[in-house]
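Here is what each chain is made of, one letter per residue.
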Amino acid sequence: MADIQTTSAALPPVIIRRSDYRAPDWLVPEIALDFTLDAQSSRVRARLSVTRNGAHDRPLRLDGDGLVPREVLVDGRALNAADYALEDGALVVPLTGEKHVVETLVDISPAANTQLMGLYASGGLLCTQCEAEGFRRITFFPDRPDVLSRYHVRMEADRKLYPVLLANGDPVGAGELEGDRHWAEWNDPFPKPCYLFAMVAGDLACNADSFTTLSGREVKLGIWVKENDLPRTGHAMTALKHSMAWDEKVYGREYDLDVFNIVAVADFNFGAMENKGLNIFNSRYILADPDTATDMDFDAVEGVVAHEYFHNWSGNRVTCRDWFQLSLKEGFTVFRDQSFSADMGSPPVKRIEDVRALRAAQFQEDAGPLAHPVRPESYMEIGNFYTATIYNKGAELIRMMALMLGEKRFRQGTDLYFDRHDGQAATCEDFVRAMEDGGDIDLRQFRLWYEQAGTPRVKALLAHNHASGEARLILRQTIPATPGQPVKQPMAIPIRIALFDRASGKHGGDTLLTLTQAEQEFAFTGFDTPPILSINRGFSAPIIVETERSQDELAFLSAHDDDPFARYEAMQQLMVNTLVGDVAGHPLDDAPVIAAIRDTANDSALDAAFIAEAIRLPSESYLGDQMAIVDPDAIHAARDRLQAKIGKALEPLWRDIHARTEANGFSLSPQARGARKLRNAALAYLAGSGAADADDLAFDQFDRADNMTERQAALAVLSNSSGEKREIALDVFYNRYSGDALVLDKWFQTQALAFHPDIVAHVKELAQHKSFTLTNPNRVRSLYGAFAANQWAFNHKSGEGYRMVADLIIALDPINPQTAARLVPPLGRWRRFDVERGEMMQNALKRILAQPGLSKDVTEQASKSLA
Ligand code: 0A1
Ligand code: ZN
């Protein structure tokens with residue numbers, strides 16, 4: 001059966017509201033699923049035990065998307081078509097009793113499913129993706145997270161094509177059938193919502209291992225991949241075992257089934273999926289070895305494996321009542337995976353990376369037409385709400401509560417949360433209440449963080465009185481208007497500060513202030529001279545801080561702040577001031593920036609990874625975020641100029657670093673990784689300096705590297721260059737890795753992120769390249785996602801960038817609306833640019849909206865972006 005799209009822009013968009021929540025009319029305590037699998041046409045028989053929930057006379061409504069019922073039976077009796085109805089794809093069955101068994105039979109086509117939601121085919125595998133609303137593309141069911149069922153699954157398939165048959169829970173039987181077919185049965189004892197259902201059939205090899213839980217139960221672990229990929233699964237397996245041990249130690253959470261399986265698939269809309277006992281991953285978050293994965297990729301594998309594993313408690317054992325509560329599982333789980341990764345590596349560097357990601361994605365979202373609260377009030381298509389706000393800002397909310405409570409009381413709160421809500425579909429409010437009850441804190445005002453969108457701005461003014469030795473800190477908060485929320489109330493904002501004495505370079509202690517009013521004053525005594533303010537240390541709150549600190553004061557903090565995040569932040573601010581001054585035509589002296597970079601790079605007490613972070617220039621898009629109207633060309637030019645100056649002024653230092661960080665053999669140790677990061681930063685500054693031999697140095701690094709971290713960084717440097725080595729390196733790279741999809745993605749991505757005068761033409765050519773395809777989301781993102789993130793290139797004054805991305809969205813929408821919709825937000829930033837660019841972006845959005853049969857996904861994003 002074809003991949004029917006049942007919803008289209010032709011119908012008036014249905015808006016789902018949080019305030020409309022109503023408990024389900026019917027519950028489904030048990031479901032038995034019977035699959036006869038085939039790529040072209042699979043048969044699905046579902047047997048649902050349903051019970052009426054409360055006193056009402058409403059019929060049973062089973063969601064469906066593109067399904068045609070071949071049979072419908074109630075308590076074993078076949079119904080005629082006149083006995084049930086189909087409404088918007090859903091099957092509506094009138095029932096008279098309190099309990100019934102309802103059976104349906106449908107045929108679906110995995111091979112025709114290009115949306116990658118429901119049951120689909122990927123490189124010879126059959127696999128599922130059900131979150132958020134994919135289960136309704138497999139069978140008729142109340143597809144909402146507050147209907148929890150026990151699943152019994154039988155799978156039958158060709159034995160040669162699909163020798164491995166996996167589903168949630170524990171395996172309970174398997175056997176051979178005639179005609180070279182076989183079957184397997186799986187049973188999941190934990191009631192779960194249907195978005196956590198999963199099944200995989202394919203020819204897979206297994207990296208098998210085991211883990212003994214705290215209470216001594218042995219869990220069989222399996223990472224299932226294509227045979228060739230087995231050698232690249234070791235890092236993921238180590239990460240899994242570390243995650244299991246960490247969750248026991250830090251949260252007291254043990255794994256609960258006898259098996260835990262992970263499958264890697266090449267075609268996947270998002271990162272990975274936490275299906276109970278059977279996580280399904282985008283292969284880019286499983287496969288890693290030094291030759292094909294960068295250090296960042298290794299970290300991403302570790303972080304995503306942990307994230308999905310942690311969902312077993314924060315998401316599966318305690319799930320969400322409705323999709324407005326998505327951040328209940330996602331914010332908390334991101335906070336858990338961030339804490340885990342910090343514990344596995346360097347906490348300061350991890351915090352810097354996380355804040356950079358938050359600012360790049362979430363702050364921009366919060367400042368634009370798609371801004372929404374961490375707990376949204378309404379949506380058209382839930383697939384559009386897997387956002388940086390739900391995930392990353394949601395994690396910051398949990399982090400703030402953890403900070404205010406302290407380690408012990410936060411743990412009391414989470415223990416209470418898991419105890420109270422185990423086996424339930426809960427709400428964000430339930431989480432906050434557990435923090436209050438378990439941690440003994442009043443979070444009444446804090447709840448506004450869940451309700452109000454927009455990044456709070458806090459203005460800090462520090463006044464000093466010589467006579468009294470008093471320093472007064474005045475903090476003023478404002479929260480900008482966002483769509484549907486013109487007026488905001490002051491929030492409870494935890495801000496860590498320290499006041500430094502200029503002479504000693506020290507401070508008298510770190511203080512946690514909680515700002516609760518629009519304006520508040522805090523007094524500190526004992527300062528003979530005006531102290532220097534270190535504020536929002538550790539990035540204690542997800543806010544924008546505005547201070548009046550001079551370049552001298554920032555330089556002081558760049559050298560003395562003992563909070564690594566604040567020290568990094570001071571360096572960044574120093575550079576931002578210089579660059580924004582240049583763009584605005586009020587250039588500042590760049591000597592303090594150059595001196596701070598030199599001193600940081602030479603500070604032997606600092607580790608190399610931190611140095612590499614601290615000396616890095618702010619991104620062009622972060623600089624744009626600091627301006628009222630973004631001028632992409634001026635920003636690009638100013639950043640180039642400063643990079644060249646730093647490169648030239650410190651050329652011997654960069655040469656020295658580059659030479660002395662060359663490793664003799666590969667290692668994944670923190671020292672070796674730090675050295676690579678610093679080496680790549682030095683190479684970038686050398687290239688920026690315009691040194692005559694920069695391309696040669698880059699090519700040499702590219703050629704000799706025994707790891708992808710150095711090879712890709714060198715390729716990135718060469719991609720910016722107009723010299724002859726550029727093409728040579730790109731060809732060598734392509735030919736070497738043309739058989740490896742994940743590395744080819746890097747080839748596309750590196751070029752799309754480049755600063756090359758012909759970048760727009762390059763991306764156009766790449767879109768026509770024989771290795772480019774619209775059917776693989778990783779490939780689409782590696783070219784168009786990267787290009788749209790390249791501020792200078794995407795916002796080319798010709799408008800070519802906007803046109804190309806709009807064309808892509810239009811072409812991709814009928815194939816994969818979810819992935820197409822995720823490329824819309826860059827076009828929605830039109831208010832941030834000059835009138836000419838703004839008009840071209842709006843025209844691109846209008847052109848998209850004018851397409852007949854546009855998906856609900858793209859319709860929602862494009863219409864909100866224009867508003
Ligand atoms: N719950 C997953 C995210 C996810 C959501 C939707 C998907 O559909 C394509 C896939 C994954 C997570 O947070 O990891
Ligand atoms: Zn998640």
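If you're wondering where the values come from, they're calculated on a predicted model, not measured in any experiment.

Of regular secondary structure, the chain possesses 26 helices and 31 strands. The globule rule puts the C-alpha radius of gyration for 867 residues at 29 Å, and the 28 Å found for the chain is close to it. Dimensions of the chain, computed from C-alpha atoms along their principal axes, come out at roughly 90 × 65 × 60 Å. For the chain, with 867 residues in total, the buried portion stands at 51%.

Attention shifts here to the site of ligand 1. By nearness alone, every residue bordering ligand 1 is listed as Gln 129, Glu 131, Asn 269, Phe 270, Gly 271, Ala 272, Met 273, Glu 274, His 307, Glu 308, Glu 330 and Tyr 386. Here the residues of the shell around ligand 1 are counted per class, giving 4 nonpolar, 4 polar and 4 charged.

Looking now at the environment of Ile 16. Inspection of the secondary structure puts Ile 16 in strand S1 (residues 16-17). In this structure Ile 16 comes out as partly exposed when scored by C-beta crowding, with 16 C-beta atoms within 10 Å. As for Ile 16 and Glu 377, which are separated by 361 residues in sequence, their C-alpha atoms are 8.5 Å apart. The contacts of Ile 16, once residues within four sequence positions are left out, are Ser 378 and Tyr 379.

The next point concerns the UniProt feature "domain: Aminopeptidase N-like N-terminal" (unreviewed entry) in the chain. Here the UniProt-annotated "domain: Aminopeptidase N-like N-terminal" (unreviewed entry) positions come out as residues 109-196. The distance separating the terminal C-alpha atoms of residues 109-196 is 21 Å; by composition the span is 0% helix and 50% strand.

Attention now moves to the domain arrangement of the chain. The domain boundaries assigned to the chain delineate domain 1 (2-203), domain 2 (318-451), domain 3 (471-544), domain 4 (549-649), domain 5 (650-737) and domain 6 (739-867). Here domain 1 and domain 6 have C-alpha centroids that lie 34 Å from each other. On the domain 6 side, the residues contacting the 9 residues of domain 1 number 11 residues. Residue composition of the side of domain 1 that touches domain 6, by class: 4 nonpolar, 5 polar and no charged.

On the UniProt side, "domain: Peptidase M1 alanyl aminopeptidase C-terminal" (unreviewed entry) is annotated at positions that read residues 552-867 here. End-to-end, the C-alpha atoms of residues 552-867 are 43 Å apart, and along that stretch the chain is 70% helix and 0% strand.

Now for the packing of helix H15 (residues 670-689) against helix H17 (residues 708-720). For the pair H15 and H17, the least separation of the axes is 10 Å and the interaxial angle reads 15 degrees. Here H17 runs roughly parallel to H15, going by the angle between their axes. Here H15 and H17 pass one another in a crossing that is right-handed. For the pair H15 and H17, the contacting residues are Arg 676, Arg 679, Asn 680, Leu 683, Ala 684 and Ala 687 in the first and Thr 709, Glu 710, Ala 713, Ala 714 and Val 717 in the second. Here the contact of H15 with H17 is composed, by residue class, of 6 nonpolar, 2 polar and 3 charged.

Conventions used here
Residues numbered from 1 in each chain as written. Chains lettered and ligands numbered in written order. Predicted model: local features only at pLDDT ≥ 70, side-chain atom pairs only at ≥ 80, totals over all residues. Helix = DSSP H or I, 4+ residues; strand = E, 2+ residues; numbered from the N terminus. Rg over C-alpha atoms; globule rule 2.2 N^0.38 Å. Buried ≥ 20, exposed ≤ 12 C-beta atoms within 10 Å, placed from the backbone. Near = placed C-beta within 6 Å. Nonpolar A, V, L, I, M, F, W, Y, C, P; charged D, E, K, R; others polar. Contact = placed C-beta atoms within 7 Å. UniProt positions renumbered as here; feature names shortened; annotations may be inferred. Domains from an automatic or database assignment. Axes fitted to C-alpha atoms, helices over the stretch in contact; angles between N-to-C directions. Parallel < 35°, antiparallel > 145°, perpendicular 65-115°, else oblique. Left-handed = near helix turned anticlockwise from the far one by under 90°.

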